[in-house]
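The chain contents come next:
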Amino acid sequence: MNITISNQAEGPIYAQIETQIKAAIVSGTLPAAAQLPSIRALARDLQISVITTTRAYRDLEAAGFIDTVPGKGAFVRAQDPALLQERVLTRIEDHLQAAIDDAALGQVPASTLHDMLDDLLKAGDDHD
Amino acid sequence: MTELIHTHGLTVSHRDFTLGPIDLALPAGYIMGLVGANGAGKTTLLKALLGLAPLDGGGFDLLGRPGGVATTRAAIGVVLDQPLFGETWTAKDIARAYAAGYPGFDKAGYVSRLNRLAVPMATRFQRMSRGTQVKLQLAAAMSHGAKLLLLDEPTAGLDAATRADLMGELQAFIAAGDASVLISTHIVEDLEEIVDYLAYLDHGRLQFSGERDVFLAAYRQVKGGAAALSPLVREAAIGLRETAVGWTAILPVDAATALDGVVCEPVGLNALMVALERGGQVNENSVEN
């Protein structure tokens, strides 16, 4: 598993770590029961403070992505596919709602929004 | 959580300078940066912890034992401005002396650290560059089973690469979770990424002691136009800089988020220290330990 953090204002470092580990778990790169680097090993590798990696792992555990076992380490928790799908759908909804809000501000009609969505999807297909 | 350093009301009074009262705690397994301008009292605090400066008030515990009660010398590793061994000694001489003087001397670890830091075994201390001298002192301090490192401005005058090497060694030192480092410095960039805890000294007073992130989260870097610079903002601003095209300042987070029409960003440790040193006051209402 690779984790790359940016110091250039891409959000707090602990949040970057959480995002990347979540993505790896959701995509299957990190399968269930896979062991994560220890909090301290990760801090050393990324050259950041122990408190930062501790916070990232604590948040991940609270969000249901990993389990930490005292004396053993941190492991990926088996993810419920239905729950993952639920999360993805919610995120899509949030993005769509943001687009709708922006359209309202700019007085862009719904038909234009639909056309834009179709064009983007088509462009995406052309890339594949 | 075990605390390796715990001070309560620690005070050292000199004729024209008083340090304290200092209340700080450093749990096992972490790095604490002791920061502040020259003359703020950092060296005095370290000397007090080492029993080199008598207290005029309060007390402290080191590694769970009251200070003043002899903690084994081996448990505390020290790097001060003067080396603890002879100026003519070589790394090899130190190994011989430490093997005789410390039952828990880890020769293999010492040698591998020296190799990693490119410190020659047979060169006299006084003939080494300052950077190599500090690397040798640190390697020696980490080799006799210490659980606590007390370092007084080890990075002053060193180039960036050497400072980075030293920071890496400190992270290795705390890796097992049972050892800690208290490092004083006024070169804040060294600590910005790896330090867990911060103690900020200003004219002998401890203005903050706690998690670095808590310290930083209490402030924001704010930039705005002349219209946003109300008397209230001026009052709360730390390190205010006005130019022909606007102003920038660090503000306590509550004051910052209450403003409209300004750019509001997280504050870096170095920027915050510069602003505070330039004459801002730490806002005690915003900072909770």
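Up top is the structure these notes are about.
Residues numbered from 1 in each chain as written. Chains lettered and ligands numbered in written order. Predicted model: local features only at pLDDT ≥ 70, side-chain atom pairs only at ≥ 80, totals over all residues. Heavy atoms only, no water.

## Concerning the packing of helix H1 (residues 13–27) of chain A against helix H3 (residues 50–62) of chain A
Residue and element names in this part refer to chain A. Interhelical geometry of H1 versus H3 gives an angle of 45° and a closest axis separation of 9 Å. Put simply, H1 runs oblique to H3. Judged by the sense of rotation from one axis to the other, the crossing of H1 with H3 is right-handed. Contact residues: Ile13, Tyr14, Ile17, Glu18, Ile21 and Lys22 in H1; Thr52, Thr53, Arg55, Ala56, Tyr57, Asp59 and Leu60 in H3. Partitioned by chemical class, the residues of the contact of H1 with H3 number seven nonpolar, two polar and four charged. (Axes fitted to C-alpha atoms, helices over the stretch in contact; angles between N-to-C directions. Helix = DSSP H or I, 4+ residues; strand = E, 2+ residues; numbered from the N terminus. Parallel < 35°, antiparallel > 145°, perpendicular 65-115°, else oblique. Left-handed = near helix turned anticlockwise from the far one by under 90°. Contact = heavy atoms within 4.5 Å. Nonpolar A, V, L, I, M, F, W, Y, C, P; charged D, E, K, R; others polar.)

## Regarding the environment of Ile100 of chain A
Residue and element names in this part refer to chain A. When you line up the elements, Ile100 lands in helix H4 (residues 81–105). A relative accessible area of 42% means that Ile100 is categorised as partly exposed. The sequence separation of Ile100 and Ala110 amounts to 10 residues, and the corresponding C-alpha distance is 8.2 Å. (Buried < 20%, exposed > 50% of the residue type's maximum accessible area, 1.4 Å probe, protein only.)

## Notes on the sheet that holds strand E9 (residues 180–185) of chain B
Paired through backbone hydrogen bonds, the strands of a sheet run either parallel or antiparallel to each other. Residue and element names in this part refer to chain B. Reading across the sheet, the six strands line up as E7-E8-E9-E4-E10-E11 and stay open at both edges, with mixed pairing between neighbours. Every other strand in the sheet has two partners, leaving strand E7 (76–79) and strand E11 (205–211) as the edge strands with one partner each. Looking at each pair of strands side by side, their axes are set apart by 10° on average, direction ignored. Relative to strand E10 (residues 197–202), strand E4 (residues 31–35) runs parallel, the two sharing four bridges. (Pairing = 2+ DSSP bridges.)

## Considering the interface of chain B and chain A
Between chain B and chain A, the contact holds 17 residues from the first and 11 residues from the second. Here chain B and chain A share an interface that buries about 1,100 Å² over both sides, 49% of which is from carbon and sulfur atoms. Applying the counting rule to chain B against chain A returns zero salt bridges. Across the chain B-chain A interface, the total number found is seven residue pairs in polar contact (both at pLDDT 80 or more). Secondary structure elements with two or more residues in the side of chain B that touches chain A: helix H5 (160–173) and helix H7 (212–217) of chain B. The residue inventory of the side of chain B that touches chain A, partitioned by class, reads nine nonpolar, three polar and five charged. (Buried area = accessible area lost by both parts, 1.4 Å probe. Salt bridge = Lys/Arg side-chain N within 4 Å of Asp/Glu carboxyl O. Polar contact = N/O pair within 3.5 Å; in protein donor to acceptor, adjacent residues only side chain to side chain.)

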